[in-house]
Each structure stands twice: as C-alpha cells, then as structure tokens.
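Each chain, letter by letter, is given below.
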Amino acid sequence: MPKINLIFLVFVAFLFSRPSAPAQTKLEGGPYVGVSWYNGDLNPGRQFYRIQPSFGAIIRYSVNDRISFRGGALLAGMSGVYPQKNVYLPVDSEEPYQFSREVLDLTAMLEVNFFSFDHPTNKESVFTPYFTLGAGSVFYKRYSEDNGNHNEKPTFVLSLPFGAGVKWKANDWLNLGAEWTLRKTFVDDLDVVGHDMSIDASNPLGFQKTTFSHNNDWYSVVAVYATFNLYSRRDKCRDGF
C-alpha cells in the first residue's frame, strides 16, 4: 500500500475511534437558503455570475465531535447568456443566446470539522470551520429531439458536491452555519434550453468527440442555514471503572 494511503487510513481511524473524546450523538435539521450560479461553456470561470436564488433543507447526524453525515435537498437556479465579455464562441447568427433553469439537487455528504465541535464535556467547542464532500444527483428537464419533435424529458444525472464552511453552536438547540459548495455534473446540457438556436450550448466549439470528464457543466451554491436539534443523547461518563 502506498505510504500516502496508509497515512490517510490512520487519520480516518483516529477521527472515528478516539476513546478520550466521547461524542454527543445527535440528529438535527433545518432550512438552507442562498444563491447559486452556473459555470460552463457560456461562463468558463466567473464566480457569482448571474446569481439566482436557491433554497431547501438539510439534515445532519453527528457521529462525534469531528465527523458528521448529512443529506440535503435543494432547488437551485442558474442562468447564462452569450455574447459576454471575454468569451468567444462560433455562432450561427447574431441573435443572443440565453438560458434560465431550476434544478432539484439531492446530496449525501461527509462533513469533517477542523476543530472539536459540540463536545459534551467541552463547553467552548462551539465554533469550527469544516470541509465537506460526497455524492449527489441533479434532476432537471433535458431538451431532446425525437423524430423532429422537441421534448423535455425529466432526467436524473450524477453530481459530485464538495466545499467548505463554518458553523457555530448558538445555544443548546440551535446551530448556525454558512458554506460554499460546488457541484461537478457529468452532463454538458444544463445550459441547453432549445434547438435551432444561434449556438449549440452543449458543444459550442463543435468538437467531434466528447468525454465523460471534460466540458461538463458545474454550478456553485453559497448558502446559510439553521439547524435545530431533533434528537440528542449523551454517552456515559468514562470514570475509569
């Protein structure tokens, strides 16, 4: 086994099995509200570009003071337009192209705290930055053409969400947080909202071959959230007997 993999496994085992840090296991959930935007062929790199509202809910299960698992459901908006500054694509006409859509975002993620958070015997463990990553699915209406007919087909596709944030324990029953997460999708047509338009947003450069990992659409979400304790339990004090 390569040395780097061994170090990673030891680190994960340390987080899950430290006997000196009994955790307050709990379940919490609440609203999740923010803004979202698109990165893709029409917007290769600009952040906070044509932001749209996003809102949903998250639920979190804390394994210990360092590790949590969470699930989320989010309705995220995105939009784009061409032409725009510093983006040059071959076009079939001078007519501007623009799109706007909403997607249903479902995620299951691992959350790792940088500091001890909500430790049952440490009342000062009320704030931490964290990083998060996981797997998800994006539900949207995909435009397709079948025998000359244009259709919108409801479609689920894979996404890989990851990001970072901060959270604060406001009191015994309320936690507040803020985060920035990105979603890599494995499709290239989130920005396609029709056919016979000035550009083909799924392949505006006219490549003869496409790949599974390149030229895919991304979107980002910056959000704040509040979670309320739904269930809590304290482990027994380890008194040495």
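Just so we're clear, the structure is a prediction, and the values are computed from it rather than from any experiment.

(A) Inspection of the overall build of the protein chain at higher detail. Looking only at helices and strands, the protein chain has one helix and eight strands in total. From first element to last, N terminus to C terminus, the protein chain shows the α and β order α-β-β-β-β-β-β-β-β. Counting across all 241 residues of the protein chain, residues that qualify as buried make up 43%. Carbon and sulfur atoms form 63% of the exposed surface of the protein chain, whose accessible area is close to 13,500 Å².

(B) Representation of unusual backbone geometry within the structure. Look at Arg50: it is not a glycine, yet its phi comes out positive at around 45°. You can see Arg50 is positioned in the loop between strand 1 (24-39) and strand 2 (52-62). Residue Arg50 is classed as partly exposed on the basis of its relative accessible area of 37%. The phi dihedral of Asp118 is positive, around 60°, even though this residue is not glycine.

(C) How the structure looks around the pattern of salt bridges. By the definition in use, this model includes 10 salt bridges. With a shortest N-O distance of 3.0 Å, Arg60 and Glu111 are connected by a salt bridge. Taken as a pair, Arg60 in strand 2 and Glu111 in strand 4 (residues 97-113) lie far apart in primary sequence, 51 residues in all. A salt bridge links Lys169 to Asp118, with the nearest nitrogen and oxygen atoms 3.6 Å apart.

(D) Spotlight on the confidence of the model for the protein chain. For the protein chain, per-residue confidence averages 81 on the pLDDT scale, and residues scoring 70 or more make up 71% of the total. Averaged pLDDT values for the elements of the protein chain fall to 51 in helix 1 (residues 3-17) and rise to 97 in strand 2. The model gives residues 14-23 a pLDDT under 50, and that stretch makes 22 contacts with residues more than four places away or in other chains.

(E) Quick look at the packing of aromatic side chains. Scanning all chains against the criterion turns up nine aromatic pairs. Taking 5.0 Å as the distance between ring centres and 80° as the angle between the ring planes, the aromatic pair formed by Tyr38 and Phe99 counts as edge-to-face. Note that Tyr38 is positioned in strand 1 and Phe99 in strand 4, a separation of 61 residues in sequence. With relative accessibility at 0%, the residue Tyr38 sits in the buried group. Members of the aromatic cluster, joined through ring pairs, are Trp37, Phe48 and Trp180. Geometry around Tyr130 places Lys167 over its ring, the cationic atom sitting 5.3 Å from the centre. Between Lys184 and the ring centre of Phe186, over which it is positioned, the NZ or CZ distance is 5.3 Å.

Rules used in this analysis
Residues numbered from 1 in each chain as written. Predicted model: local features only at pLDDT ≥ 70, side-chain atom pairs only at ≥ 80, totals over all residues. Heavy atoms only, no water. Helix = DSSP H or I, 4+ residues; strand = E, 2+ residues; numbered from the N terminus. Buried < 20%, exposed > 50% of the residue type's maximum accessible area, 1.4 Å probe, protein only. Areas by Shrake-Rupley, 256 points an atom, 1.4 Å probe, with all protein chains shown as cover. Salt bridge = Lys/Arg side-chain N within 4 Å of Asp/Glu carboxyl O. pLDDT = per-residue confidence, 0-100. Contact = heavy atoms within 4.5 Å. Phe/Tyr/Trp six-rings, centres within 6.5 Å; stacked < 30°, edge-to-face > 60°. Lys NZ or Arg CZ within 6 Å of the ring centre and 35° of its normal.

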